[in-house]
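What follows is the residue order along each chain.
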2 protein chains.
Amino acid sequence: MNRAEIEQRIVSRPTAFVASADEAGYSCMKAMLAPRVREGLRVFYFTTDTHSMRVAQYRRNSRAGIYCCDEERFVGVMLCGEMETLTDAASREAVWRDGDTEYDPLGVDDPDDCVLRFTARGGRTYAGCQSENFTIE
Amino acid sequence: MNRAEIEQRIVSRPTAFVASADEAGYSCMKAMLAPRVREGLRVFYFTTDTHSMRVAQYRRNSRAGIYCCDEERFVGVMLCGEMETLTDAASREAVWRDGDTEYDPLGVDDPDDCVLRFTARGGRTYAGCQSENFTIE
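Here's what I pulled together on the structure shown here. Just so it is clear, the model here is predicted, and its values are computed rather than measured.

1. Focus: the interface of chain A and chain B
Chain A puts 35 residues into the contact, and the matching count from chain B is 35 residues. Carbon and sulfur atoms supply 64% of the area that chain A and chain B bury against each other, a total of about 2,800 Å² over both sides. Taken as a group, A:Tyr26, A:Ser27 and A:Met29 account for 28% of the area that chain A buries against chain B, more than any other trio of residues on that side. Our count for the contact surface shared by chain A and chain B stands at zero salt bridges. Here chain A is connected to chain B by 13 residue pairs in polar contact (both at pLDDT 80 or more). Among the elements of the structure, strand E1 (15-21), strand E2 (27-33), helix H2 (53-60), strand E5 (63-70), strand E6 (75-86) and strand E7 (113-127) of chain A are those that each provide at least two residues to the side of chain A that touches chain B. Across the side of chain A that touches chain B, the residue classes break down as 21 nonpolar, six polar and eight charged.

Have a look at this one:
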C-alpha cells in the first residue's frame, strides 16, 4: 500500500484505536471516533474529555500509538508518536463541531473539552501476512 | 455490562487488538484473529509467528494490552496484563488447528509457530460515554 491508499482505505474510517501507557507501563487501548482534523499521516487531532483516564495518562507519558484498520480486508496501519493534550481556545475551536454540546454542554469553552494532538514519528503497515515499516517526514 | 455480557458480546468477536511496547516505550498495536483458546477474561492464547515483531517486543517487555470492541454499538473492553511467548510442543498443540499449515507449512512442530499467552491483571469496560474499571480474579 502507498500513502494515498493508506489514507483513503484505512485512516479515513470512522473509528481509530489509540493507546497510552499506564503508570506501570502497560499499554491501554480504546476505540475513538476518527480524528476531527488530520494532516496526512503525521498529525491527528481528536476530541476528548479533560477528566478522562487517557488525558491523565498522556500528561504523565506522551508516548502513544494509533491504529486504524479494515478488519474485513485484513489491512491496517500502526503509528507511534507523541500525544499532546491541548486545552487552549484555538485548539478547541479548530476541532469543535455543531452537536458537541451533547458532550460539552458549556460549548467550545467547556473546561471538560480537550484536544488530543498526535504527531507520528513512524509507522508500520499490515496487509494480509505482510508488514512493512515506514518513516514519517 | 456484566462479565457474561462482555464475553458474549465483545470478547467472542473475530478480531482482537493487541499492544506491546517498543524499545522506546511507544505502544504498538495490531489486529489479530480472535484468541484460539480463552479462559474467561483472564487467559487468552493467540497463535503467531516466532519471528514476528510482536514476539520480539514481548520477549523484551511482557507488559501488554488487549482490546476487543463492537464499534457499531460503542462497547469495548480493555485488558492489561502479561504476555508470554511459548514455543513448547504442548502449547503449540493446544492452539493448533487444521489449516494452520497454510502459515506454518511444517505443521505443529514448525519452528516459526509461536503461542502468545496473555494473562490479565485488570480491565476497563467502555459502553457509550461510560467506562468502569474491573479486577480479574
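From this point, the discussion proceeds with the structure in view.
2. Some thoughts on the relation of the copies chain A and chain B
Mapping chain A onto chain B leaves a residual RMSD of 0.0 Å; the transformation is a rotation of 180° accompanied by 0.0 Å of translation along its axis. Taken together, these values place the two copies in the relation of a two-fold axis. Relative to the rotation axis, the closest C-alpha in chain A is found at A:Ser27, a distance of 2.9 Å. A shared interface surface links the copies, since 100% of the contact residues of chain A are contact residues in chain B too.

What counts as what
- Residues numbered from 1 in each chain as written.
- Chains lettered and ligands numbered in written order.
- Predicted model: local features only at pLDDT ≥ 70, side-chain atom pairs only at ≥ 80, totals over all residues.
- Heavy atoms only, no water.
- Contact = heavy atoms within 4.5 Å.
- Buried area = accessible area lost by both parts, 1.4 Å probe.
- Salt bridge = Lys/Arg side-chain N within 4 Å of Asp/Glu carboxyl O.
- Polar contact = N/O pair within 3.5 Å; in protein donor to acceptor, adjacent residues only side chain to side chain.
- Helix = DSSP H or I, 4+ residues; strand = E, 2+ residues; numbered from the N terminus.
- Nonpolar A, V, L, I, M, F, W, Y, C, P; charged D, E, K, R; others polar.
- Least-squares fit on C-alpha atoms with pLDDT ≥ 70 in both.

So, to be careful, I would describe these as geometric facts and stop short of saying anything about function.
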